[in-house]
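Here's the letter readout for the chains.
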Amino acid sequence: MGKGAAIGIGILILVLIGAGLLYYSYTQLSVDLISASLHSIEWTSFSWSTILSLGLNVLTGQWLSAAFDLIDGVNVNLGFALHNGGLLPVYIPDLSYDLRVNGVHVGRGYSDVDITINPGETKQIYSFQNFQKNSLSPAIYSIVENFHYLD
């Protein structure tokens, strides 16, 4: 084997080791939801059907449904902790996520992050998330149903 082939093989091995370490570092990223706070509530516009539904729900004692009649959506500020447990710095251009409450899918989010996280470092990012009433209803009823069974 010639000197050029040995250098080529050596470079190939170094590239493969570097790629393996980079892959390992990306697989060691962890993302945890660390905070969620209410930003605002989107109120429904009043119409005769909304007022009628609200009145019927109040008269029949269905308070949760009555409250839901008034809300169109909820805006929430979410905080995430991103931790690099790998061996090399990793670059994260953006973060996309699915949110579930009691196993019920309530939304999908996206946030431009544009950060580099060094090995062993944890960085916090914040994202704004809008939940529409139609995605929240199944989760809210699941929470209420589970709470009822705790009695």
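Reading the values: the criteria
- Residues numbered from 1 in each chain as written.
- Predicted model: local features only at pLDDT ≥ 70, side-chain atom pairs only at ≥ 80, totals over all residues.
- Heavy atoms only, no water.
- Helix = DSSP H or I, 4+ residues; strand = E, 2+ residues; numbered from the N terminus.
- Contact = heavy atoms within 4.5 Å.
- Areas by Shrake-Rupley, 256 points an atom, 1.4 Å probe, with all protein chains shown as cover.
- Buried < 20%, exposed > 50% of the residue type's maximum accessible area, 1.4 Å probe, protein only.
- Core = buried A, V, L, I, M, F, W, Y, C linked by side-chain atoms within 4.5 Å.
- Pairing = 2+ DSSP bridges.
- Axes fitted to C-alpha atoms, helices over the stretch in contact; angles between N-to-C directions.
- Patch = residues over 30% accessible without salt bridge, like charges linked within 9 Å, V, L, I, M, F, W, Y side chains within 5 Å.
- Salt bridge = Lys/Arg side-chain N within 4 Å of Asp/Glu carboxyl O.

Asks: Before we go on, may I ask you to explain the overall build of the chain in this structure?
Replies: Scanning the chain from N- to C-terminus turns up 4 helices and 5 strands. In the chain, the order of α-helices and β-strands from amino to carboxyl end is α-β-α-α-β-β-β-β-α. When contacts within the chain are restricted to residue pairs at least 6 apart in sequence, long-range pairs at least 24 apart make up 75% of them. A total of about 10,000 Å² of accessible surface is found on the chain, and carbon and sulfur atoms cover 64% of it.

Asks: What exactly am I supposed to notice about the side chain of Ser111 here?
Replies: With respect to the helices and strands, Ser111 occurs in strand E4 (residues 104–117). Overall, Ser111 belongs to the buried group, its relative accessible area being 8%. With residues up to four places along the chain from it excluded, the contact list for Ser111 reads Asp94, Leu95, Tyr126 and Ser127.

Asks: Can you help me understand the environment of Ile71 in this one?
Replies: Relative to the elements of secondary structure, Ile71 occurs in strand E2 (residues 71–84). Ile71 sits in the buried class, given a relative accessible area of 18%. Distance from Ile71 to Glu42, taken between C-alpha atoms, is 6.1 Å for residues 29 residues apart in sequence. With residues up to four places along the chain from it excluded, the contact list for Ile71 reads Ile41, Glu42, Trp43, Thr44 and Lys133.

Asks: When you look at the nonpolar core in this model, what are you seeing that I'm missing?
Replies: One broad trend across soluble globular proteins is that nonpolar side chains are buried collectively. Residues Phe80, Leu82, Ile115 and Ile125 are the most contacted members of the largest nonpolar core, which totals 20 residues. Ignoring anything within four residues of it in the chain, the contact list for Leu82 reads Ser30, Val31, Ile92, Ile115, Ile117, Glu121, Thr122, Lys123 and Ile125.

Asks: What am I meant to see in unusual backbone geometry here?
Replies: Negative phi is the rule for most residues except glycine; trans is the rule for most peptide bonds. The phi angle at Asp114 is positive, at roughly 55°, despite the residue not being glycine. With respect to the element layout, Asp114 can be found in strand E4. By relative accessible area, which is 53% here, Asp114 ends up exposed.

Asks: Please clarify how the sheet that holds E2 should be interpreted in this entry.
Replies: Two strands in a sheet stick together by hydrogen bonds in their backbones, pointing the same way (parallel) or opposite ways (antiparallel). Strand order across the open sheet formed by 3 strands is E1-E2-E5, with antiparallel pairing between neighbours. In this open sheet, the two strands that pair with only one neighbour each are strand E1 (29–43) and strand E5 (122–132). Neighbour-to-neighbour, the strand axes of the sheet open up by a mean angle of 20°, direction not taken into account. Here E1 runs beside E2; their pairing, made up of 13 bridges, is antiparallel. The residue bridging Ser30 from the neighbouring strand is His83, located in E2.

Asks: Can you walk me through a nonpolar patch on the surface in this structure?
Replies: On the surface, Ile9, Ile13, Ile17, Leu21, Tyr24 and Leu87 cluster together into a nonpolar patch covering about 530 Å² of accessible area. Within the secondary structure, Leu87 sits in the loop between E2 and strand E3 (90–101).

Asks: Would you take a moment to explain the environment of Ser25 for this structure?
Replies: Along the polypeptide, Ser25 turns up in helix H1 (residues 3–27). Along the primary structure Ser25 and Leu88 are separated by 63 residues, whereas in three dimensions their C-alpha atoms are 5.8 Å apart.

Asks: So what exactly am I meant to see when it comes to the pairing of E4 here?
Replies: Note on strand geometry: in a regular strand, side chains alternate between the two faces of the sheet. Of the pairings in the sheet, the one linking E3 to E4 comprises 11 bridges and is antiparallel in character. Residue pairing for E4: Ser96 is matched across the bridge by Tyr110. Between E3 and E4, which follow one another and run antiparallel, lie 2 residues, and Asn102 among them has a positive phi close to 50°.

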